[in-house]
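Coordinates in review
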Amino acid sequence: MDFQAGYLRSSIGRKTIVAITGIILFGFVFVHMLGNLQIFQEPDKINTYAEFLHNLGGLLWLARGILLVAFALHVYYALKLSLENKKARPVGYVKESTIQATLSSRYMALTGSVLLAFVIYHLLHFTIGKIQPENFALQETIGDKQRHDVYSMVIFGFKNVYVSISYIVAMTLLAFHLRHGVASVFQTLGFNTTFWAPKTNAFAILYALTIFIGNVSMPVAILLNFVKVPGAQ
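Residues numbered from 1 in each chain as written. Predicted model: local features only at pLDDT ≥ 70, side-chain atom pairs only at ≥ 80, totals over all residues. Heavy atoms only, no water.

Under an unreviewed UniProt entry, the name given to the protein is Succinate:quinone oxidoreductase, and the source organism is Leptospira neocaledonica.

The following block contains the structure:
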């Protein structure tokens, strides 16, 4: 109780929680992208990868639980800090300073809120199968067994131009969010010195661009028919 009343209610405590959960989520975003990039290989690659994850059983649900808790804490404390900052400065400056505050930093709450909505949509689409259920139900036959045909599901999903556009827009917002978020994590952990600041800032930009290019390359390649289901037009 004393810990919550003290540390968790302090600005430093909340920023630390946002930083730690941010590291977990940044790592997941990178690994998730690497797994999805297997769409550029033969269908067996990503389907085998998806089957491997599914066969993890309890471990997969444990990982999902950790990610869910990290995501919930990250959103809650990030929004709380944002609201507290606004209350502390209720009257906006006559002239906004854009030298210290980047575009991505000034819209973190907005991009974060939109990304929250996108994550829910993305889970309903590719994880739960409530959106485009006909694609989610696709099966691949391997010998006398069948498994989820993730390769075809993703391709047919992104063949819908509206789905692809929404994904590209979300990835653009994610890149803006990561550009400031990653730099903020380093700052919270004490890497905001004259020596480290330029390096951590450059890393944040590189990381955000890597995630953006990697994720956007998939719907773009599918829309341009560079990646397609074997035998499909």
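Okay, back to it.
Looking at the overall build of the protein
When you go through the protein residue by residue, the secondary structure sums to 10 helices and 2 strands. In sequence order, the secondary structure elements of the protein are arranged as α-α-α-α-α-α-α-β-β-α-α-α. Classification of the 233 residues of the protein by burial places 32% in the buried group. Sequence separation of 24 or more characterises 73% of the internal contacts of the protein that already satisfy a separation of 6 or more. Within the structure as shown, the protein displays about 14500 Å² of accessible surface, and the carbon and sulfur contribution to it stands at 68%. (Helix = DSSP H or I, 4+ residues; strand = E, 2+ residues; numbered from the N terminus. Buried < 20%, exposed > 50% of the residue type's maximum accessible area, 1.4 Å probe, protein only. Contact = heavy atoms within 4.5 Å. Areas by Shrake-Rupley, 256 points an atom, 1.4 Å probe, with all protein chains shown as cover.)

Points about the pairing of strand S2 (residues 145-148)
In summary, the side chains of a regular strand alternate between the two faces of the sheet. Pairing of strand S1 (residues 139-142) with S2, which is carried by 4 bridges, proceeds in the antiparallel orientation. Note that in S2 the partner of Glu 140 across the bridge is Arg 147. Following S1, the chain reverses through 2 residues before pairing antiparallel with S2; Gly 143 in that reversal takes a positive phi of roughly 65°. (Pairing = 2+ DSSP bridges.)

Notes on the packing of aromatic side chains
Under the criterion given, the structure shown has 11 aromatic pairs. Taking the centre distance of 4.9 Å and the plane angle of 65° together, the rings of Phe 158 and Tyr 167 count as edge-to-face. With relative accessibility at 4%, the residue Phe 158 sits in the buried group. With relative accessibility at 6%, the residue Tyr 167 sits in the buried group. (Phe/Tyr/Trp six-rings, centres within 6.5 Å; stacked < 30°, edge-to-face > 60°.)

Considering the UniProt feature "transmembrane region" (unreviewed entry) in the protein
The UniProt record marks residues 17-39, 59-79, 107-128, 161-182 and 203-227 with the feature "transmembrane region" (unreviewed entry), using the residue numbering of this structure. The annotated region residues 107-128 carries 91% helix and 0% strand content, and the separation between its end C-alpha atoms amounts to 30 Å. Here residues 161-182 is 100% helix and 0% strand, with 31 Å between the C-alpha atoms at its ends. (UniProt positions renumbered as here; feature names shortened; annotations may be inferred.)

Digging into the nonpolar core
Nonpolar side chains in soluble globular proteins tend to be buried together. Within the largest apolar cluster, 35 residues are counted, with the highest numbers of intra-cluster contacts made by Ile 39 and Val 154. The dominant element in this core, judged by the number of residues it contributes, is helix H9 (residues 161-188), at 10 residues. The residues contacting Val 154, other than those within four sequence positions of it, are Ile 39, Phe 126 and Ile 222. (Core = buried A, V, L, I, M, F, W, Y, C linked by side-chain atoms within 4.5 Å.)

Some thoughts on the confidence of the model for the protein
On average, the protein scores 87 in pLDDT, and the residues at 70 or more come to 87%. Here residues 93-101 scores under 50 on pLDDT; set against residues more than four positions off or in separate chains, the count is 3 contacts. (pLDDT = per-residue confidence, 0-100.)

Focus on the pattern of salt bridges
Tallied over the full model, the rule gives 3 salt bridges. In this structure, Arg 147 and Glu 51 form a salt bridge, with 3.0 Å as the shortest nitrogen-oxygen distance. Here Arg 147, found in strand S2, pairs with Glu 51, found in helix H3 (residues 43-55); they are 96 residues apart in sequence, far enough to count as distant. What makes Glu 51 partly exposed here is its relative accessible area of 32%. Glu 140 serves as the salt-bridge partner of Arg 147, at 2.8 Å between the closest nitrogen and oxygen. We note that Arg 147, like Glu 140, is buried. Salt bridges linked by common partners bring Asp 44, Glu 51, Glu 140 and Arg 147 together as one network. (Salt bridge = Lys/Arg side-chain N within 4 Å of Asp/Glu carboxyl O.)

Here's the deal with the side chain of Gln 132
Relative to the elements of secondary structure, Gln 132 occurs in the loop between helix H6 (108-127) and helix H7 (133-136). In this structure Gln 132 comes out as buried when scored by relative accessible area, which is 15%. Contacts of Gln 132, omitting those with residues within four sequence positions, involve His 125, Phe 156, Gly 157, Asn 160 and Val 163.

Quick look at the packing of H9 against helix H10 (residues 197-223)
Where H9 meets H10, the axes come as close as 8 Å, and the angle between the chain directions of the two elements is 170°. What the angle tells us is that H9 and H10 run roughly antiparallel. Class assignment for the residues of the contact of H9 with H10 results in 22 nonpolar, 5 polar and 1 charged. (Axes fitted to C-alpha atoms, helices over the stretch in contact; angles between N-to-C directions. Parallel < 35°, antiparallel > 145°, perpendicular 65-115°, else oblique. Nonpolar A, V, L, I, M, F, W, Y, C, P; charged D, E, K, R; others polar.)

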